[in-house]
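Each chain, written out:
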Amino acid sequence: MTAKRLRQALESAAIPILATILGLLVSSVIVLFARADPMQTYEHLFCEGFGPKGCQTFGNLLFMDVKTDNGTQTVFSLFYGAQGHALGVTLERATILILAALSATVAFKAGLFSIGMDGQLVLGAITAAFLGYALPDLIYGLAGISQPQAAPGALQTVMHLVVPALCIGAAMLVGAFYSWIAGYLKVKLNVNELISTIVLNAIAVQLVGYLINFPLRSDFNNIARTRRIDDTAWLVPFNRGLFLNSEWFSGSRVGIGIILALLAALVIWFFLWRTTAGYEQRMASGSRLFARFGGIPNERAALRAMLISGALSGLAGAIQILGVERRVVDGFAGAGLGFDGVLVAILAKESIGGILVVAVFFAGLQQGAINLQFANLPRQLGGIIIALIILFSSMENFFRTNLARIQARLRPPQRAVDAAAEGVAAAGGGAT
Amino acid sequence: MIKFLNKHSRRLRHALLIGGPLVGLLLFLVLPERLVQGGIRLATPYILGALAALIASRAGVLNLAIEGKMLLGAFIGVVVLYKTGLDPVVGVMAAVIMGGLLGLVFAILYLRIRINLIILALALNLFVANATVFFLRVSFGAFGTLADPSIHSLPILTIPIISGIPILAERLSGYNAIVYLSWFMVLFMWLLLYRTRFGRHVRAVGENREAAETVGINVTLVQTFALTLSGMLAGLAGSFLSLGVLSQFLENMTAGRGWIAITVSLFALEQPVGAFFTALFFGFSEALSLGLQNTGDTKLSPALVALVLALPQIATIGALVLVALRIRAAELLKRRNFAAQFGQELANLRRGVVVGGQD
């Protein structure tokens, strides 16, 4: 039984791995065009994305020789975090990708192709950014404290717990409401949700751009930005709070957000695969008519899916602001953060475990590419590699049919003994 | 609402068809000339982009890669002219050809290799957005902007007769060739869609793929042509941004205009002439919003500026709702007509004859 499961897992991983290899191969042509050595570039890219400080080769991603007082010592790279580990920054980037991808997955699983994550995310972000300073102001005002530093310790502690929760809650509500509009239009009027979310995205991006530039603009800085959120609303990063003395997290702003994201992943997995409501949802996506004959309330399932999806996008935006950026800067809306989430969800084939892996991988590629700029290669290389990997991995049907054809030609009629192993072998053969 | 739409659908359509252009014409003559010029310039990429979106959509392929194709057109137009001193027309033609090539690649990837349409479009947009900046830096050593004295923008044309008429001269004459070409393209697309064999095939494929296949239309060929044409139009729209307005390429210079063009085509129900007027509506509200921003009037509420800018988008949601209501109304009407015609027979059947024992 377990052997069969393992084989299935290997089989489903074969195409993404093949796609990654092909994507890197094609990108290496582009790297060559820039007169750089692809091998060195990739070593640099992966080290800066996934390796510890001082990582030089692919091998260093796993083990590294470290000079200590008494000679060199080989350490397991994952746990070697002197002066910071690149994975810390990668996880910081991955947080928002995971949440946006979960949001997309919930909608897709209900058979709704909503790509409204972008709009919901920026609206959630601006909500959290506004409440992040307005709410503490209000509380201080009510308590009659003019100097926030002089506030009593007890009040500070309570606020540290309550304010972020309220900000996140409000952001989730705003995201859910914005997503509900598209859901309502779909259910009541049969307006295509793909089209309505495209338009809603455009409206949200414009609205947030306006809010940053006019009513919420804090100073006359060249690039418009909102006021920085109050310290009590801040989701304190690990390296400032929880793991104060751990060097592993230094240089990264990853914090409670990643825990919330993992928690959300667990909850969504449980919801989709272990509850009646989630079952209704998945059936509604599988076959609308079947679901209706089975007595599943189609409309309710769709609306619920849109609400959950929007809330998750709002959460993603809120965490990005409360945990990482602490203010919204002009250009945040329109950066297409939500679209990245959609791509992650599609590439992960809507599986929760897949989302975690793909999100971290993409975040690492983006992060590694940023540091390539010091090696005189533009950081856009990361985006190019990701786009190519997505293209190749969505050629799945093409690969499968062609592999089957090659297999059939290689083997005369005699029955294949172990089809799965063969598939993996042929997939490996196709890459070379 | 549905009742109202059903009752007055024809009258409404006529009112819209006659009233819309009339109001437009009035505004066109009354509004200050700078606003009209700005509106028409801003509307041009929307006109071309919307035509690109609607020809693909009419052939049954939702083309979300307009943004990427536009950006590639803008990039290629400038790259061809960089340090070569060629005529800007060459740049525009190169942009059109590259846009068409990308459209062809899109068609092959979608129709032959069967990549999911949405993934393909999003991945292409991502690829073009990154690759243009990458090559800008690697090939030209430019950081986000490619400008050079050797790159000229398109010359301004003066229309012989119109430039003599006082009010029309400032409003209709003095744009570059792409602006006039875009108007011509609207007419061309209308003729193509409604007056040619190819256009009939395109519409048939978009309406009902299987039926079109059954009567012997080569669906793959029609969709490939439509996507290539769509890419060429988007490339032209992009070259207008880089060679028509400015004479340089900027990082991500389309700035979401491809997505707005898709919205324009949706608003216009995928009709070329409708897309023309819708694009003008979008362009004018953008020009108005910019104009309001630049008046320097501090009493002016910024909320008004933003509202003017967002008005077309909000109107689009309204239009989507109206279209949905219209479809639903048509369905209800059909059902009612059917009941009126065959209601008696149906009732008899239900009462008298047992149908499968389930009803």
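Definitions and cut-offs
- Residues numbered from 1 in each chain as written.
- Chains lettered and ligands numbered in written order.
- Predicted model: local features only at pLDDT ≥ 70, side-chain atom pairs only at ≥ 80, totals over all residues.
- Contact = placed C-beta atoms within 7 Å.
- Helix = DSSP H or I, 4+ residues; strand = E, 2+ residues; numbered from the N terminus.
- Nonpolar A, V, L, I, M, F, W, Y, C, P; charged D, E, K, R; others polar.
- Buried ≥ 20, exposed ≤ 12 C-beta atoms within 10 Å, placed from the backbone.
- Pairing = 2+ DSSP bridges.
- Axes fitted to C-alpha atoms, helices over the stretch in contact; angles between N-to-C directions.
- Parallel < 35°, antiparallel > 145°, perpendicular 65-115°, else oblique.
- Left-handed = near helix turned anticlockwise from the far one by under 90°.
- pLDDT = per-residue confidence, 0-100.
- Domains from an automatic or database assignment.

### Things to note about the interface of chain B and chain A
Chain B puts 37 residues into the contact, and the matching count from chain A is 35 residues. Secondary-structure elements contributing two or more residues to the side of chain B that touches chain A are helix H5 (117–140), helix H11 (257–267) and helix H13 (302–352) of chain B. For the side of chain B that touches chain A, the element with the highest residue contribution is H5 of chain B, accounting for 14 residues. Looking at side-chain class alone, the side of chain B that touches chain A contains 28 nonpolar, six polar and three charged residues.

### Things to note about the pairing of strand E2 (residues 71–76) of chain A
All names here are of chain A. Taken across its six residues, E2 has zero buried, putting it largely on the surface. Pairing analysis gives six bridges linking strand E1 (residues 63–68) to E2, with the strands arranged antiparallel. Looking at E2, one finds that Val66 is bridged to Gln73.

### Focus: the packing of helix H5 (residues 153–189) of chain A against helix H6 (residues 193–213) of chain A
Residue and element names in this part refer to chain A. The interhelical angle for the contact between H5 and H6, taken along N-to-C directions, is 150°, at an axis separation of 10 Å. Regarding the angle of H5 to H6, the classification is roughly antiparallel. The hand of the H5/H6 crossing is right-handed. Taken together, the residues of H6 that come into contact with H5 (itself represented by Tyr178, Ile181, Ala182, Leu185 and Lys186) are Glu193, Ser196, Thr197, Leu200 and Ala204. Along the lines of polarity and charge, the residues of the contact of H5 with H6 split into six nonpolar, two polar and two charged.

### Looking at the confidence of the model for chain B
As a note on interpretation, predicted positions should not be read in detail where pLDDT is low. Residue-level pLDDT values for chain B average 83, and 93% of them are 70 or greater. This prediction of the complex comes with two scores: 0.83 for pTM and 0.81 for ipTM.

### Brief notes about the domain arrangement of chain A
Interfaces are often sized by the amount of accessible area the parts lose when they come together. Residue and element names in this part refer to chain A. Its domain assignment divides chain A into domain 1 (1–67 + 74–83 + 378–432) and domain 2 (86–350). On the domain 2 side, the residues contacting the nine residues of domain 1 number nine residues. Counting only elements with at least two residues in the side of domain 1 that touches domain 2, the list comes to helix H2 (38–50) and helix H13 (380–393). At three residues, the largest contribution of residues to the side of domain 1 that touches domain 2 is made by H2. Looking at the side of domain 1 that touches domain 2 residue by residue, the class counts come to three nonpolar, five polar and one charged.

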